[in-house]
Amino acid sequence: MSDRIFGLFGLLLSIGFALAAFQIEESFLSDIVGPKAFPLIIATILGISSLVIALRPDPEPTWPSLLRFVEIVAAAVVMIIYAEALPEIGFVVATAFAAAYMSWRLGSKPLEAILVGVGTSVGIYVIFHLALGLSLARGPWGF
Amino acid sequence: MDTFASLADGFAIALTWQNLALALLGCFLGTIMGALPGLGPSNGVAILIPLAFTLGLGATPSLILLTSVYYGAMYGGRISSILLNIPGDEPAMMTCLDGHPMALKGQPGEALSLSGIASFVGAFFATWGLILLAPQLVKIALLFGPAEYFALFTLAFMTLGGVSSTNQAKSAFAAALGLGLATIGVDTQTGVPRFTFGEVHLYDGLDFLVAIVGLFALSEVFIFLENRHGGSDADATKIKIGKLYPPMSMIKQTTPTMLRTSVLGFLAGVLPGAGASLGSFISYSMEKRLVDKEGTFGKGDPRGVAAPEAGNNAAAGGALVPMLALGVPGSGTTAVLLAVLLSLNITPGPLLFTQNPDVVWGLIAALFIANFMLLALNIPMVGIFTRVLMIPSRVLMPIVAMVSFVGIYGISGSSFDLLVMIGFGVMGWVLRKLDVPLVPVILGTLLGNSMENNLRRAISIDNGDWFTLIDTPLALTLWAIGIIGFIIPLFIGGKVKKQMHEKRDEEGSISD
C-alpha cells in the first residue's frame, strides 16, 4: 500500500513538475533546445518510474508506531525552531537546548541530557569558533 | 616514467607539515567514523565538507583531509564488525561473517590486526591501480564530446541503481528526483528562472552540500530517533582485545587471498555504480568458492576476514578512478568527494589531470602517506578506537546533528539553508523507509547542470538534431553499456542483493 501511495504521489509530482516546466518563460535569446526540454525529459522519467512503483509495489516497509512517528515530527519541529531561533538567541544557547532535547528523546536522563546539551554546544563553540575561527550565529550576548 | 615524475611532484606537495597534519587528522577521524555504527564514510565525509570549506582550506588540503577520512572509514568499519557483530558501515558487513566468530574464539586481537593488514594491502594496490589506470582512462575521455558526456552521465545513472537498490524503478525515480532538484534556479544558458516560484533564495539553485548533509547525516538522526536506539552496544567485556599481532603463519596463509581480492575489489570499485560494498561482497564470495575446502568460512577463518577487508579497501581506491578521470562517481562517498571538488570550483574529468596536476598527484601521494598512517593507527593503537564504541548514541547523535547544522550555517549564514537541510533530512528518512536509494538523488543534484549543458551543447552544435546523441560509435557504446547495466539487474540483481543484504543491519549506514 505504501508503494502505491508513494507512486501516486510521484505521479502527481511529475505532472506538477511538467506543468511548471511549461510555465517557464522563454527568453528571446535562447539556444535551440531551450530551458524547457530537459525538465520535461526528467518529468517523463519521474512519471514512468512512479507508475511502475505504483503498479508493482514492493513488500510493505515497517512503519513506526504512531508514537514514534510523532517523535520524528517533533524532532523536525524542534530543528525548525532551532534554525529560526539561531540568529535571535545566538549559537551557544540555541544549540544547548536543541542537543539536550535530542539527547533526552534518545533516552538520556534529564540531568545527562542537560550535560550533553551544554557539553556539545560549548565544545563546538570552543573547537570550531575559538580554535578554528568558524563564524557562528551571534546572539544578543555575543555568543 | 612520466607517471613517476608526476608522482614525485605529488609527494613534494603532500609532504608539507600542514598536509601531513590534515592527513593524520583525517585518518583518525575517519577510523572513528567508520567504527561507529550510524556514521559511515558517506555521511562522515558529508558533515566534514562544509567545515573544510569554511576553514578556508585550499583544494589540495581539503581533498587530502576528506579522502583520508574516506580511507580511514574503510579501515574503521571492521572494528565493530569483529568485536560486536554490527557492521560499522555497510562495506564492513561481510567482515562480520568470519571476524566475529574469530573474536568469539578468543582471537579478537588477531582478527583486528589481520584485517588491518588486509586493509592496507587492498588500499595500497588500489592506489597503484589508480595511478596506472586513471591516466589511460583520461586518454579515452579526451575523445569525448558533449554527446558522449551526456551518454556517460546517463550510463552512470542507469548502472547506479543496479547494486544500490532492490528495485530499478525506485532508483530511476531517485535519479530523476535528483536531476529535477538540480534544475531549480536560474537557467545557466538563457538566464530565465526555473521552478523558483518567486522565492529569491532559490534563484541560485539548491546548494548540493545542503542536500548531501540533510540526506545523509540528518536522516540518520531520524532513524535513530525512530528506533529510540540510545544506548551503546559495547560493554567493557566485549572490547577486550588481547594479543595484538597475528602469527606469521596466519599472514602467510592469507597472503594469496589478500592479493587476489585486492585485484577483484579494485575492479569492482572502478565499475560504475558498484562501490565498496560490492567489492567486499564479491571478494568474500569468490574466496569462499575458491579456497574454502574444509567449510571453515563463516566459523572464524582468517582468510574470510582478510578477503572482504582487502576487497573493500581496494574498491574504495578503485572508485576514485572514474571520479577523478571522468568526473562521474560510482559510489555514495565518491559522489560526496565530487561535491568537494565542485564546491572548490574544480571540474573533475580529463582536464583535471592537465590543468590541476598538483591536485591529482598531491592527492595520490597523500593517499599513500595516509595508508601508512592508517596502518600505524589501526594496529598498535586500535585500543583507542575500540573505546570509541562505548559512546552511547544518545550522546553521539546530538553531536552529529549539531555539527551538521554548524557546517551548513558556516557556509551561508542563512536560516533558509538550514530549513532546506531539515527538509532534505525528513525526505531522506521517508525515502530510506521506502527503500529508495539516496545515492542517485545526490548524484542527480551534483551532475544535473552539467548533464543538461552537455545535452544542449550537443544538440546546438548539430542544429537541433536530436539524433546527434547516438551519432558516434563511442556514444553508441556508452548507451549500450548503460542499457545493459540497467537491464541485467532486473534479472539477476534480486538474487545477489538478497545474499548481500542478509546480514544487513537495520541501523547500518547508508549504502556506499
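Residue numbering note: each chain is counted from 1, following its sequence as written. Here every chain gets a letter starting at A, and every ligand a number starting at 1, in the order they are written. Owing to the predicted nature of the model, reporting of local features is limited to residues with pLDDT of at least 70; listing and counting of side-chain atom pairs is limited to 80 or more, with chain, interface and lining totals taken over all residues. Neither water nor hydrogens contribute to the side-chain values; these are computed over all heavy atoms in the structure.

(A) View of the overall build of chain B. Numbering of helices and strands runs from the N terminus; a helix is a DSSP stretch of H or I covering at least four residues, while a strand is a stretch of E covering at least two. The secondary structure content of chain B amounts to 21 helices and 2 strands. To get the radius of gyration, use the C-alpha atoms; to get the globule rule, take the number of residues to the power 0.38 and multiply by 2.2 Å. Scaling as 2.2 N^0.38, a compact globule of 512 residues should have a C-alpha radius of gyration of about 24 Å, and chain B matches this with 22 Å. Its C-alpha atoms put chain B at 70 × 50 × 50 Å along the principal axes. When accessible area is computed with a 1.4 Å probe and restricted to protein chains, residues below 20% of their type maximum are described as buried, those above 50% as exposed, and intermediate ones as partly exposed. The 512 residues of chain B split such that 67% are buried. Contact definition: two residues touch when any of their heavy atoms are within 4.5 Å. A sequence separation of at least 24 residues applies to 81% of the contacts in chain B between residues at least 6 apart. Here the Shrake-Rupley method, with its probe set to 1.4 Å, supplies the accessible areas, and only the displayed protein chains count as covering residues. Looking at chain B as shown, the accessible area adds up to about 17,100 Å², and 66% of this sits on carbon and sulfur atoms.

(B) Inspection of the interface of chain A and chain B at higher detail. Contact residues are listed per partner, giving 69 residues for chain A and 65 residues for chain B. Both faces considered, chain A and chain B share a buried interface measuring about 5,500 Å² in area, 78% of it formed by carbon and sulfur atoms. We define a salt bridge as a side-chain nitrogen of Lys or Arg found within 4 Å of a carboxyl oxygen belonging to Asp or Glu. Linking chain A with chain B are 3 salt bridges, by the criterion used here. Across the pair K170 of chain B and D3 of chain A runs a salt bridge, and its minimum N-O distance is 2.8 Å. What qualifies as a polar contact is a pair of N or O atoms within 3.5 Å, subject to a donor-acceptor requirement within protein and to the restriction that residues adjacent in sequence count only when both atoms come from side chains. Connecting chain A to chain B are 9 residue pairs in polar contact (both at pLDDT 80 or more). When two parts are put together, the accessible area they lose, computed with a 1.4 Å probe and summed over both, is reported as buried area.

(C) Representation of the UniProt feature "transmembrane region" (unreviewed entry) in chain A. All names here are of chain A. Feature annotation in UniProt assigns "transmembrane region" (unreviewed entry) to the following positions: residues 36-54 and 114-137. Within residues 36-54, the helical portion is 95% and the strand portion 0%, while the C-alpha atoms at the span's ends are 27 Å from each other. Between the end C-alpha atoms of residues 114-137 the distance is 21 Å, and the span holds 75% helix and 0% strand. UniProt positions are given in the numbering used here, feature names are shortened, and annotations may be inferred rather than shown by experiment.

(D) Up close: unusual backbone geometry. Residues and elements named next belong to chain B. We note that N85 has phi near 65°; this positive angle belongs to a residue other than glycine. As for its placement among the helices and strands, N85 is situated in the loop between helix 4 (59-84) and helix 5 (95-104). Positive phi outside glycine occurs at F195, with the angle close to 55°. Here F195 shows up in the loop between strand 2 (193-194) and helix 9 (208-227). For F195, a relative accessible area of 8% gives the class buried.

(E) Expanded view of the confidence of the model for chain B. Confidence scores labelled pLDDT are given residue by residue by the predictor and lie between 0 and 100. The predicted model of chain B averages 84 in pLDDT, with 91% of residues at 70 or higher. Here helix 21 (residues 473-501) of chain B stands out as the element of chain B with the lowest mean pLDDT, 77, in contrast to helix 19 (residues 415-433) of chain B, whose mean of 92 is the highest.

(F) Fine view of the packing of helix 10 (residues 248-270) of chain B against helix 12 (residues 302-318) of chain B. Residue and element names in this part refer to chain B. Each axis is a line fitted through C-alpha atoms, taken for helices only over the stretch in contact, and angles between the N-to-C directions span 0 to 180 degrees. Contact pair helix 10 / helix 12: the axes reach a minimum separation of 7 Å and the direction vectors enclose 35°. For helix 10 against helix 12, the interelement crossing comes out right-handed. Contacts between helix 10 and helix 12 pair M250, Q253, T254, T257, M258, T261, S262, G265, F266, G269 and V270 from the former with P302, R303, A306, A307, A310, G311, A314, A315, G317 and G318 from the latter. Of the residues in the contact of helix 10 with helix 12, the class split is 10 nonpolar, 10 polar and 1 charged. Handedness of a crossing follows from how the near helix is turned relative to the far one, being left-handed for an anticlockwise turn of less than a right angle and right-handed for a clockwise one. Under the convention adopted here, Pro, Cys and the residues Ala, Val, Leu, Ile, Met, Phe, Trp and Tyr are nonpolar, Asp, Glu, Lys and Arg are charged, and Gly plus all remaining residues are polar.

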